[in-house]
Amino acid sequence: MTKTLTTGAAALPLNTILAGDCIEEMRRLPEASIDLIFADPPYNLQLRGDLHRPDNSLVDAVNDAWDQFTGFEAYDAFTRAWLTEARRLLKPNGAIWVIGSYHNIFRLGAELQTQGFWILNDVVWRKSNPMPNFRGKRLTNAHETLIWASRAEGARYTFNYEALKSLNEGIQMRSDWVLPICTGHERLKGADGQKAHPTQKPEALLHRVLVGTTNPGDVVLDPFFGTGTTGAVAKMLGRDWIGIEREAAYREVAEARLDRVRRYDRDTLAVSASKRTEPRVPFGQLVERGLLRPGEMLRSMNGKIAKIRADGTLVADDVTGSIHQVGAHLEGAPSCNGWTYWSVRREGRDLPIDVLRQQIRAEMRDT
C-alpha cells in the first residue's frame, strides 16, 4: 500500500519505487526526511573481457551499462553527487549503510568522511558460499564490506544493541557477519530463467541491518533499489520504504516481489530494548510519587538496612548518600547497583525497588 507523509511543504512518497536517475530523484525529496539509507551503488568492477569457468562455461558477471564508468574520476564525481543528496535527506539522527567490494568501498569510505559523515563501523560480510576465483591468479573474493555511518560526529543514531545480541544467541554482535549469498528459492529469475539481477542481496543481510539500526515506522531509502530486497525486508518489518531504480526491468521484478510480501504483526515486530534507551528515573522520583515514603526502611538481600530520607537519599550507620553510594559503603565495595541491591517490604514480602522504577517507566512509555 502506498501512502504519503507530508514533510514541510513536500510530500514523501512512502512505499513507492521512483523511476529515474537516483540523484535527480533524491533532489526531489524533502530535506531531513529519512531515518536510514541503505545504498548498494554500482561497484565499478572494471572488467576486462569475459570470465570463464574451468569447463569453459561463461560466468554471469556484472557487465551492465549501469556499472560502467569512464574512469575513477567519473565514478568519484557520481559518488560525491549522490552522497551529497543522501546527507541532505537524512534526519539529524539518521544514518547510512553503504556496501561494496574492493573495487569501490575505499573510495566510498573516503567520500563519506570528506562530506562529514561519521563512520561507526565497517562490517565484513563473509560469504559462506562465495564464487571461486576461476583464473587462479588471486585470492577468492569471499567477502564484501559494509560501512555504517551517522550523519555527523557526535550525532545520535538508532542502535538496537540488545536486539542484535538476541539474534546472535545472547552474544554481542561482532563486525564480521557470516551469511550466504543469494541463491536457491530466494534468487529471483526473469522470464528467460536467468538471474533477474546480478548482485541481488540476501534478505538475511537486510534483516540484520534493519532490525539493528531502525525501528518500526522509520523511513528507509534505497537509492539503488534493484529487485527490491531493502523494500521487501522493510515491509515485513513494519518500516516504510522508498526505492529509486532507473532500470524498468528491475522495477517490474521488484513490484511483483513486493506485492507478495506481508508485514509481520505488531507483537512480532517488537525487539529487545537496550537498557540505555529506557527513560531515566531518579530514585527521588519514587519518593515524590509516594511509591516510597520518607522514613521507610530498605533492606538488602544480606540483611543490611537503610532509612529513606525526604530528599531521596538514604542513611545507614554513619553514612548518607544515594542508593548506590550507601549500598557500596555497607558492602565495602567500590560500586553498587542500588536498584538491584535494595528491596522494600510490601504485603509481607520483599519487593525490589527496581519494580517500582519499572512502573514509572511503563507510564512514561504509554504517554
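Residues numbered from 1 in each chain as written. Predicted model: local features only at pLDDT ≥ 70, side-chain atom pairs only at ≥ 80, totals over all residues. Heavy atoms only, no water.

- As annotated in an unreviewed UniProt entry, the protein chain is Methyltransferase from Histidinibacterium lentulum.
- Per UniProt, the comment on the protein chain under Catalytic activity (unreviewed entry) is "a 2'-deoxyadenosine in DNA + S-adenosyl-L-methionine = an N(6)-methyl-2'-deoxyadenosine in DNA + S-adenosyl-L-homocysteine + H(+)".
- According to the UniProt record, the Sequence similarities (unreviewed entry) comment for the protein chain is "Belongs to the N(4)/N(6)-methyltransferase family." (UniProt positions renumbered as here; feature names shortened; annotations may be inferred.)

1. Here we look at the sheet that holds strand S9 (residues 219-222)
So, point 1. One open sheet holds the 8 strands; their spatial order is S3-S10-S9-S4-S5-S7-S6-S8, and the pairing between them is mixed. Each edge of the sheet is formed by a strand with only one pairing partner; in this case those strands are strand S3 (16-19) and strand S8 (176-179). Neighbour to neighbour, the strand axes of the sheet diverge by 20 degrees on average, direction disregarded.
So, point 2. Relative to S8, strand S6 (residues 118-127) runs parallel, the two sharing 4 bridges. Note on S8: the bridge partner recorded for Arg126 is Val178. (Pairing = 2+ DSSP bridges. Helix = DSSP H or I, 4+ residues; strand = E, 2+ residues; numbered from the N terminus. Axes fitted to C-alpha atoms, helices over the stretch in contact; angles between N-to-C directions.)

2. Regarding the packing of aromatic side chains
Each aromatic ring pair is summarised here by two numbers: the centre-to-centre distance and the angle between the ring planes.
So, point 1. Across all of its chains, the model carries 11 aromatic pairs by this definition.
So, point 2. For the ring pair Trp148 and Tyr157, a centre distance of 5.5 Å and an interplane angle of 90 degrees mean the geometry is edge-to-face.
So, point 3. Here Trp148 falls in the buried class, since its relative accessible area comes to 5%.
So, point 4. Connected via pairs of aromatic rings, a cluster forms that spans Trp97, Trp148, Tyr157, Phe159, Tyr161 and Trp177.
So, point 5. A cation sits over an aromatic face here: Arg87 above Phe117, 5.8 Å from the ring centre.
So, point 6. Directly above the aromatic system of Trp125 lies the positively charged group of Lys127, at a separation of 5.2 Å from the ring centroid. (Phe/Tyr/Trp six-rings, centres within 6.5 Å; stacked < 30°, edge-to-face > 60°. Buried < 20%, exposed > 50% of the residue type's maximum accessible area, 1.4 Å probe, protein only. Lys NZ or Arg CZ within 6 Å of the ring centre and 35° of its normal.)

3. Things to note about the sheet that holds strand S16 (residues 349-352)
So, point 1. Here 6 strands make up an open sheet; going across it, the order is S14-S13-S12-S11-S15-S16 and the pairing antiparallel. Looking at which strands have only one partner, the edges of the open sheet turn out to be strand S14 (319-321) and S16. Adjacent strand axes in the sheet meet at a mean angle of 35 degrees when their direction is disregarded.
So, point 2. When strand S11 (residues 297-300) meets strand S12 (residues 305-308), the two strands line up antiparallel, connected through 3 bridges. Among the inter-strand pairings, Arg299 is bridged to a residue of S12, identified as Ile305.

4. With respect to the pattern of salt bridges
So, point 1. One pass over the full model with this rule turns up 16 salt bridges.
So, point 2. One salt bridge connects Glu144 with Lys127, and the closest N-O pair in it is separated by 2.8 Å. With Glu144 in strand S7 (residues 143-150) and Lys127 in strand S6, this residue pair connects regions lying 17 residues apart in the sequence.
So, point 3. Taking relative accessible area as the criterion, Lys127 reaches 15% and is therefore assigned buried.
So, point 4. Arg346 is the salt-bridge partner of Glu296, the closest N and O atoms lying 2.8 Å from each other. (Salt bridge = Lys/Arg side-chain N within 4 Å of Asp/Glu carboxyl O.)

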